[in-house]
Amino acid sequence: MAQEFHVLAVDDSFVDRKVIERLLKVSSCKVTAVESAGRALQYLGLDEERSPVEFDELKVNMIITDYSMPEMTGYDLLKRIKGSKKLREIPVVIMSSEDIQPRVNRCLEEGAEEYLVKPVKLSDVVRLRDFILRQKAHPQTEHNSMKRKSRDESPNAGCSASTSCDHLRPSIPKRRKIVQL
Amino acid sequence: MEFVGQLQRQFVQFSHSLFDEGFLDDQFQQLQKLQDESNPDFVLEVVSLFFEDSEKLLNNLSIALQQQIVDFKQVDSYVHQFKGSSSSIGAQRVKNMCVHLRSFCEEQNLEGSLMCFQQVKHEYYLVKNKLETLFRLERQIIEAGGTVPFIA
């Protein structure tokens, strides 16, 4: 039986949470939507009080989080996830209404998969889902082809065996901006 | 059936005017595309959430701007939220007015902020009114046995 693509969506805005949830459901994703980074960490079993449910049952394929949230930002959440052995392989996407290059760079350097400028569109979600699914199926080749599509990418990206490809994390920031037509 | 036709024409004309006059932008159409038979009230639900949210934000803003010493960081935070949610539903004029208000906040310009805040409220109530009319027209069409035209 095909596994569902499970996305954990994090956003403190009621309106945005409802929209992202719908975008993900329409894209055939299973969605868990939470209102804060704290809740997200609880769900992922990364907080002090361990969740009694086995993590594997909650398998999360992607985390999509708003950047600006009270108490803990999406960036801080990203750092916590990438700093965790258990969770660092999960792709994290940052969403923000603010298109600030240094912020984009910081997020990408910290390991974010993408930085999406809000409002997020259906085409963004579908593209992300497809990319991550292909990455899972073909870790080496797909990573390369995605990197070639990136705007600022250097032409000689060649990833041999490693799936995390940390050595390829660009000092040239990869940047994906969704242009409103 | 003539009545339904009339309602449908009214709906189409009204919808077009909302986009032409800049009350709504493409994001509203994005939301409409997410609505289907399994979720027939999606747009109405999101917009209702927006109205609820906005009342709270406007109230908070009003209080924050009336303080003896205005905390512009706090005001800016509320405006940022309002800009975000209005952008998410495609309420373009509200969003743009929020951008102006943020500039005044950045300058810590109280007079400018107060004036601009009035304009933000004005735009909000305008678009609220328009959207309520739009939803009412939709309901009337459905109650008269017709289908709501999709606005490309």
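Throughout this description, residue numbers start from 1 for each chain and increase along the sequence as written. Going through the entries in the order they are written, you letter the chains from A and number the ligands from 1. Per-residue local features are limited, in this predicted model, to residues with pLDDT of at least 70; the limit for side-chain atom pairs, both in listing and counting, is 80 or more; totals at the level of whole chains, interfaces and linings are taken over all residues. Note that the side-chain values use all heavy atoms of the structure and ignore hydrogens as well as water.

1. Some points on the overall build of chain A
- Secondary structure follows DSSP: runs of H or I at least 4 residues long count as helices, runs of E at least 2 residues long count as strands, and numbering of each begins at the N terminus. Looking only at helices and strands, chain A has 6 helices and 5 strands in total.
- Counted from the first residue to the last, chain A has its helices and strands arranged as β-α-β-α-β-α-β-α-β-α-α.
- A simple rule labels every residue: compare its accessible area, found with a 1.4 Å probe on the protein chains alone, to the largest value its type can have, and call it buried under 20%, exposed over 50%, or partly exposed in between. Going through the 181 residues of chain A one by one, you find that 53% of them count as buried.
- By the convention used here, residues are in contact when the closest approach between their heavy atoms is within 4.5 Å. Nonlocal contacts in chain A, meaning residues at least 24 apart in sequence, comprise 62% of its contacts between residues at least 6 apart.
- The method behind every accessible area is Shrake-Rupley, applied with a 1.4 Å probe, and residues are considered shielded solely by the protein chains displayed. By element, 51% of the accessible surface of chain A is carried by carbon and sulfur atoms, the whole surface being about 9,100 Å².

2. Observations concerning the sheet that holds strand β5 (residues 114-117) of chain A
All names here are of chain A.
- A pair of strands is labelled paired if DSSP reports no fewer than 2 bridges between them. Strand order in the open sheet formed by 5 strands is β2-β1-β3-β4-β5, with parallel pairing between adjacent strands. Edge positions in the sheet fall to β2 (29-34) and β5, since each of these pairs with one other strand and no more. Neighbouring strand axes in the sheet, compared pairwise and without regard to direction, differ in orientation by 20° on average.
- Angles shown run from 0 to 180 degrees and are taken between the N-to-C directions of axes, each axis being a line fitted to C-alpha atoms and, for helices, limited to the stretch in contact. Each of β4 (92-96) and β5 touches helix α4 (residues 101-109); the most contacted strand, β5, lies at about 145° to it.
- Lying over the sheet, helix α5 (residues 122-137) contacts β1 (5-10), β2, β3 (62-66), β4 and β5, oriented at roughly 170° with respect to β5.

3. Regarding the interface of chain B and chain A
- Facing the 22 residues of chain B at the interface are 15 residues of chain A.
- Values labelled buried area give the accessible surface lost by two parts on being combined, using a 1.4 Å probe and summing over both. The contact between chain B and chain A buries some 1,600 Å² in all, and 61% of this surface belongs to carbon and sulfur atoms.
- Salt bridges, as used here, are contacts in which a Lys or Arg side-chain nitrogen is within 4 Å of a carboxyl oxygen on Asp or Glu. Counting across the interface, chain B meets chain A through 4 salt bridges.
- Identification of polar contacts relies on pairs of N or O atoms within 3.5 Å, with a donor-acceptor requirement for protein atoms, meaning one able to donate a hydrogen and the other able to accept it, and with residues adjacent in sequence counted only if both atoms are side-chain atoms. At the junction of chain B with chain A, the criterion picks out 5 residue pairs in polar contact (both at pLDDT 80 or more).
- Residue assignment for the side of chain B that touches chain A shows that the elements contributing at least two residues are α2 (26-33), α3 (42-65) and α4 (72-89) of chain B.
- When residues of the side of chain B that touches chain A are assigned to their parent elements, the largest contribution, 7 residues, is made by α4 of chain B.

4. What about the packing of helix α1 (residues 14-26) of chain A against α3 of chain B?
- Close contact between α1 of chain A and α3 of chain B brings their axes to 8 Å; oriented N to C, the two are set at 160°. Classified by the angle between their axes, α1 of chain A and α3 of chain B sit roughly antiparallel to one another. Relative to α3 of chain B, α1 of chain A is oriented so that their crossing is left-handed. In this structure, α1 of chain A uses Phe14, Val15, Lys18, Val19 and Arg22 of chain A to contact α3 of chain B, whose residues at the interface are Phe42, Glu45, Val46, Leu49, Phe50 and Asp53 of chain B.
- The residue inventory of the contact of α1 of chain A with α3 of chain B, partitioned by class, reads 7 nonpolar, no polar and 4 charged. For classification purposes, an angle smaller than 35 degrees is called roughly parallel, one larger than 145 roughly antiparallel, one from 65 to 115 roughly perpendicular, and anything else oblique. Crossing handedness is read from the near helix: turned anticlockwise from the far helix by less than a right angle, it gives a left-handed crossing, and turned clockwise, a right-handed one. Three residue categories are used. Nonpolar comprises Ala, Val, Leu, Ile, Met, Phe, Trp, Tyr, Cys and Pro, charged comprises Asp, Glu, Lys and Arg, and polar comprises the others, including Gly.

5. Examining α4 of chain B
- A helix is expected to reach a length of 1.5 Å times the quantity of its residues less one. Spanning 18 residues, α4 of chain B covers 26 Å between terminal C-alpha atoms, matching the ideal 26 Å at 1.5 Å per step.
- The backbone nitrogen of lysine 73 of chain B lies 3.1 Å from a side-chain oxygen of the residue at the head of α4 of chain B, namely aspartate 71 of chain B.

6. Topic: the state of the cysteines
All names here are of chain B.
- The criterion for a disulfide is a pair of cysteine sulfur atoms lying within 2.5 Å. Evaluated as defined, the whole model comprises 0 disulfides over all chains.
- Note on cysteine 105: no disulfide assigned, nearest cysteine sulfur contributed by cysteine 116 at a separation of 8.4 Å.
- With a relative accessible area of 3%, cysteine 105 lands in the buried category.
- Here cysteine 116 is not disulfide-linked; the sulfur of cysteine 98 is the nearest cysteine sulfur, at 8.2 Å.

7. Here we look at the nonpolar core
- The set of buried Ala, Val, Leu, Ile, Met, Phe, Trp, Tyr and Cys residues whose side-chain atoms join them within 4.5 Å is what this entry labels a nonpolar core. By size, the foremost hydrophobic cluster in this structure holds 65 residues, and its most contacted members are Ile20, Leu24 and Ile64 of chain A together with Phe82 and Leu131 of chain B.
- A total of 11 residues in this core trace back to one element, the largest contributor, which is α3 of chain B.
- Contacts of isoleucine 20 of chain A, omitting those with residues within four sequence positions, involve Ala9, Ile64, Met95, Val120 and Val125 of chain A.
- Counting residues in each nonpolar core, the second largest holds 27 residues, with Val60, Ile94, Cys107 and Ala112 of chain A among its members.

8. Structural notes on the confidence of the model for chain A
Residue and element names in this part refer to chain A.
- Summarising the model, chain A shows a mean pLDDT of 79, and 70% of its residues fall at 70 or more.
- With pLDDT under 50 throughout, residues 142-175 is counted as low confidence; its partners more than four residues away or in other chains account for 45 contacts.
- In predicted models, pLDDT denotes the confidence assigned by the predictor to each residue on a 0 to 100 scale. Contacts of residues 177-181 to residues separated by more than four positions or lying in other chains number 10 contacts, the stretch itself having pLDDT below 50.

9. Digging into the side chain of arginine 103 of chain A
- Among the secondary structure elements, arginine 103 of chain A is positioned in helix α4.
- Residues contacting arginine 103 of chain A, with those up to four places away along its chain left out, are Tyr67, Ser68, Ser96, Glu98 and Tyr115 of chain A.

10. Describing the environment of serine 96 of chain A
Residue and element names in this part refer to chain A.
- Considering the arrangement of structural elements, one finds serine 96 in strand β4.
- The buried category is assigned to serine 96, whose relative accessible area is 1%.
- Taking C-alpha positions, serine 96 is 19 Å from arginine 80, a pair spaced 16 residues apart along the chain.
- Apart from residues no more than four positions distant in its own chain, serine 96 is found in contact with Asp66, Tyr67, Arg103, Tyr115, Leu116, Val117 and Lys118.
- A polar side-chain atom of serine 96 sits 3.2 Å from a polar atom in the side chain of tyrosine 115.

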